[in-house]
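# Fold and contact review
Residues per chain, in single letters:
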Amino acid sequence: MNHGDLILAPVYIFLLYVFFYLIRNTYKDPILKKYHRQAFWVKIIGCIAFFLYSAYLSPGDSIGLYQYEGNNLYQLILKDAGNLEYLFKSGKNFNLLLVKNQSNTGYFASPANFMVVRIDTILSFITFGRYSAISLLFAAIAFSGIWKLFLFFYEQFPTMHKKFAIAILFFPTVVFWSSGVMKDTLCIAAVGWITYSVYEIFYRKKNLIKNSIILIIFSYLLIIIKVYILLAYIPFFMLFIVLKNLQGLRRRFLKYMLAPALIGLTIFAFTEVLSSYDKELGSYAVNEITNNISYLNSAFAQKDGQQDADSNFKLGAEFDGSYTGLIKIAPLAIATTFFRPFIWETHKISQFIAAFESLVLMFFTLFIIFKCGIKTLTKLILTDPLIMYCFLFSIVFALFVGASTLNFGTLVRYKIPCLPFYTIALFLIYEKVKEKSSKKSFSLPNPIVTPDISHYQVTS
């Protein structure tokens, strides 16, 4: 961080404000205008907080890899335009002699890492390579995606705008860890844009060309950076689209006949696609998932004694590398993703904030369970398409993150894609139960009170 960052940061905040202000003025709904304005400034504050955190407290990959090597490639291109070819090559084909920090050479073999370096380089041409300005642009990309996600849910239940805003726009962990030069920032943006474009294409059937282009761009981005997010997300969201289209059928028996058949067909087709692309998916292929989890567990265990080893933790159960073993540790893995780190397990300020947030989420989960009961909870999840989609995605995603991530510093970042959906599922369940209780109390007849006249005397 230097004087250039201090000068350019306010300039880019102003430019981004003008850009999003013009977008905000296209909305006629005052509720949307209010949340768009508030969420923008929350995102800017989150970006500044992450910038200071990464610059002074924990540089990590944000500065040490993505910004450092992205700025280096930017400088190389300025010196020799022939180096522009590296923007279109894979990291494996990068001339490792040109890497500025030779300890980063191993990271270039990962397409995910090199994609972030590539995007950092591209943005350097409009930010003069300044980390503060690039961070703001990354945050703006994330904001555009989470806003689209908010619009999608707002359209489903406009009256729940406050709850959706809390879960999507103002969730502290999501705001903070999606506000810097990180893979997670691009991933949360991709999830939002994919959700909105798929919904527009397959349900509303609007702007097919535009939304298809958006879908291709952000699906490609997610495939390169973290394909497992896409694999966990798409089947449940497509299931929601299918079930929502069935709601338009007037004949109830057709719904009950078609719904199970389409659900089964969707799951079967998706499984067949995954099986057909085992080679391309590599460690994320169906046959390699459990092996990959075992490998990651071993990798975290070997880090004992290293700098970040104090953030390592034990899941509480041994994973034997089999599918049955994965099912056995599922409750612990899911609980770990949503409810850990606990307060007493934290070693850093960022972890303490995440621990407090997890504690609130745990109490809210218990409140929902006691409020509606297991039977009603299960029924709502299985019968409401929106709750089913949000809950199943968040649970499956939480299972694999919790089972494969045994470091709190990594866990708090990796889990952010599922936090909004899990919270929304809880809010939806709560609203359904409250609505049902209101209808029941409203339908009860008012008791007729007959006056007691026994103590009156009749006189002639």
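Residues numbered from 1 in each chain as written. Predicted model: local features only at pLDDT ≥ 70, side-chain atom pairs only at ≥ 80, totals over all residues. Heavy atoms only, no water.

### Topic: the overall build of the protein chain
Our working rule: Going along the chain from the N terminus, every DSSP run of H or I of four or more residues is numbered as a helix, and every run of E of two or more is numbered as a strand. The buried label applies to any residue whose accessible area, calculated with a 1.4 Å probe on protein chains only, is under 20% of its type's maximum; exposed applies above 50%, and partly exposed to all values in between. Contacts are residue-level and defined by heavy atoms, with any inter-residue pair within 4.5 Å sufficient. Here the Shrake-Rupley method, with its probe set to 1.4 Å, supplies the accessible areas, and only the displayed protein chains count as covering residues.
Counting its regular elements, the protein chain contains 17 helices and 0 strands. Within the span of the protein chain, comprising 460 residues, buried residues form 50% of the whole. Put simply, of all contacts in the protein chain between residues at least 6 apart along the chain, 73% involve residues at least 24 apart. Accessible surface, the protein chain: about 23,800 Å² in total, of which carbon and sulfur atoms supply 66%.

### Observations concerning the nonpolar core
As a reminder of what qualifies: Only buried residues count toward a nonpolar core, which is a set of Ala, Val, Leu, Ile, Met, Phe, Trp, Tyr and Cys residues joined through side-chain atoms within 4.5 Å.
Grouped together as the largest cluster of nonpolar side chains are 132 residues, with contacts concentrated most on Phe150, Phe153, Phe338 and Tyr389. For Tyr389, the residues in contact, after removing those within four places along its chain, are Phe152, Phe153, Thr195, Tyr233, Phe236, Phe237, Phe240 and Phe421.

### Remarks on unusual backbone geometry
Following Arg340, the chain continues to Pro341 via a peptide bond in cis, the omega torsion being 10 degrees. Relative to the helices and strands, Pro341 is located in the loop between helix H13 (323-339) and helix H14 (349-383). A positive phi angle is found at Phe128, which is not glycine, with a value near 60 degrees. Inspection of the secondary structure puts Phe128 in the loop between helix H4 (111-124) and helix H5 (131-156). Overall, the relative accessible area of 57% leaves Phe128 in the exposed class. The backbone of Asn207 sits at a positive phi, close to 45 degrees, despite the residue not being glycine. As for its placement among the helices and strands, Asn207 is situated in the loop between helix H8 (183-204) and helix H9 (208-246).

### A few points about the pattern of salt bridges
When the charged atoms of two side chains lie near each other, side chains of opposite charge can form a pair. Here is the rule we go by: Whenever Lys or Arg places a side-chain nitrogen within 4 Å of a carboxyl oxygen from Asp or Glu, that contact is recorded as a salt bridge.
Inspection of the entire model under this criterion finds 9 salt bridges. With a closest N to O distance of 3.1 Å, Lys163 and Glu431 form a salt bridge. Of the two residues, Lys163 is situated in helix H6 (residues 161-169) and Glu431 in helix H17 (residues 419-443); the sequence distance between them amounts to 268 residues. Accessibility expressed as a relative area gives 23% for Lys163, which makes it partly exposed. Among the residues examined, Glu431 registers a relative accessible area of 18% and is labelled buried. One salt bridge connects Arg204 with Glu200, and the closest N-O pair in it is separated by 2.8 Å. Taken together, the residues span about one helical turn, with Arg204 and Glu200 both in helix H8 at a distance of 4 residues. A relative accessible area of 29% places Arg204 in the partly exposed class. The structure contains a network of salt bridges with shared partners spanning Glu155, Glu200 and Arg204.

### Thoughts on H4
Owing to its 3.6 residues per turn, the α-helix aligns residues three or four sequence positions apart on the same side. Let me state the cut-off plainly: Helix span, expected: 1.5 Å multiplied by one less than the number of residues in the helix.
The end-to-end C-alpha distance of H4, which contains 14 residues, comes to 20 Å, matching closely the 20 Å that a straight helix rising 1.5 Å per residue would cover. Within H4, 12 of the 14 residues are buried, which leaves it mostly tucked inside the rest of the structure. Listed in full, the buried residues belonging to H4 are Ala112, Asn113, Phe114, Met115, Val116, Val117, Arg118, Ile119, Asp120, Thr121, Leu123 and Ser124. On its buried face, H4 is in contact with helix H3 (60-79), H5, H8 and H9.

### Quick notes on a nonpolar patch on the surface
Applied cut-off: The patch calculation keeps residues exceeding 30% relative accessible area without a salt bridge and links them within 9 Å when they carry like charges or within 5 Å when they are nonpolar (Val, Leu, Ile, Met, Phe, Trp, Tyr).
On the surface, Ile343, Trp344, Ile349, Phe352, Ile353, Phe356, Leu359, Val360, Phe363, Leu366 and Phe370 cluster together to form a nonpolar patch covering roughly 1,200 Å² of accessible area. Following the sequence through the fold, Phe370 ends up in helix H14.

### Some points on the confidence of the model for the protein chain
The following threshold applies: The pLDDT value expresses, per residue, how confident the predictor is, ranging between 0 and 100.
For the protein chain, per-residue confidence averages 83 on the pLDDT scale, and 80% of positions sit at 70 or higher. Note that residues 448-460 has pLDDT below 50 and, in this model, 0 contacts with residues that lie over four places away or in other chains.

### Some thoughts on the packing of aromatic side chains
As a reminder, the rule being used: Each aromatic pair joins two rings of Phe, Tyr and Trp (for Trp, the six-membered one) with centres within 6.5 Å, and gets the label stacked for planes under 30 degrees apart, edge-to-face for over 60, and tilted for any other angle. Throughout this description, the term charge over a ring refers to an Arg CZ or Lys NZ atom that lies within 6 Å of the ring centre and within 35 degrees of the ring normal.
Per the counting criterion, the structure on display carries 51 aromatic pairs. Here Tyr86 and Phe94 contribute two aromatic rings whose centre-to-centre distance is 4.7 Å and whose plane-to-plane angle is 50 degrees, an arrangement assigned as tilted. Phe94 shares its class with Tyr86; the two are buried. Cation over ring: Lys100 sits above Tyr68, and NZ or CZ is 4.9 Å from the ring centre.

### Remarks on the environment of Leu123
Within the fold, Leu123 resides in helix H4. Each C-alpha atom of the pair Leu123 and Asn71 lies 9.5 Å from the other, and the pair is 52 residues apart in sequence. The residues contacting Leu123, other than those within four sequence positions of it, are Ile134, Leu137 and Phe138.

### Quick notes on the side chain of Thr185
In this structure, Thr185 sits in helix H8. Apart from the residues lying within four places of it in its own chain, the contact partners of Thr185 are Phe138, Ala139, Ala142, Trp177, Ser178, Ser179 and Gly180.

### A few points about the side chain of Arg118
Test applied: Positive charges are assigned to Lys and Arg, negative charges to Asp and Glu, while His and the chain termini are left out of the count.
Inspection of the secondary structure assignment puts Arg118 in helix H4. This buried residue, Arg118, is left without a salt bridge; Asp120 holds the nearest opposite charge, at 12 Å. In contact with Arg118, not counting residues within four places along its chain, are Leu87, Lys89 and Ser90.

### Details of the packing of H4 against H9
When two helices pack together, you describe them by how their axes are tilted relative to each other and by the distance separating the axes. The line we're drawing: Angles here are taken between N-to-C directions and fall from 0 to 180 degrees, while the axes themselves are lines fitted to C-alpha atoms, restricted in helices to the stretch in contact. In what follows, roughly perpendicular refers to angles from 65 to 115 degrees, roughly parallel to angles under 35, roughly antiparallel to angles over 145, and oblique to any angle outside these ranges.
Running from N to C, H4 and H9 cross one another at 125 degrees; their axes reach a closest spacing of 7 Å. Looking at the two axes, H4 sits oblique to H9. Here Pro111, Ala112, Met115 and Ile119 of H4 lie close against H9, whose contacting residues are Tyr220, Leu221, Ile224 and Ile225.

### What to know about the environment of Ser144
For the record, the criterion: Identification of polar contacts relies on pairs of N or O atoms within 3.5 Å, with a donor-acceptor requirement for protein atoms, meaning one able to donate a hydrogen and the other able to accept it, and with residues adjacent in sequence counted only if both atoms are side-chain atoms.
Looking at the element boundaries, Ser144 is found in helix H5. Placed 46 residues apart in sequence, Ser144 and Ala190 show a C-alpha to C-alpha distance of 9.5 Å. For Ser144, the side chain forms a polar contact with the side chain of Trp193, separated by 3.0 Å.

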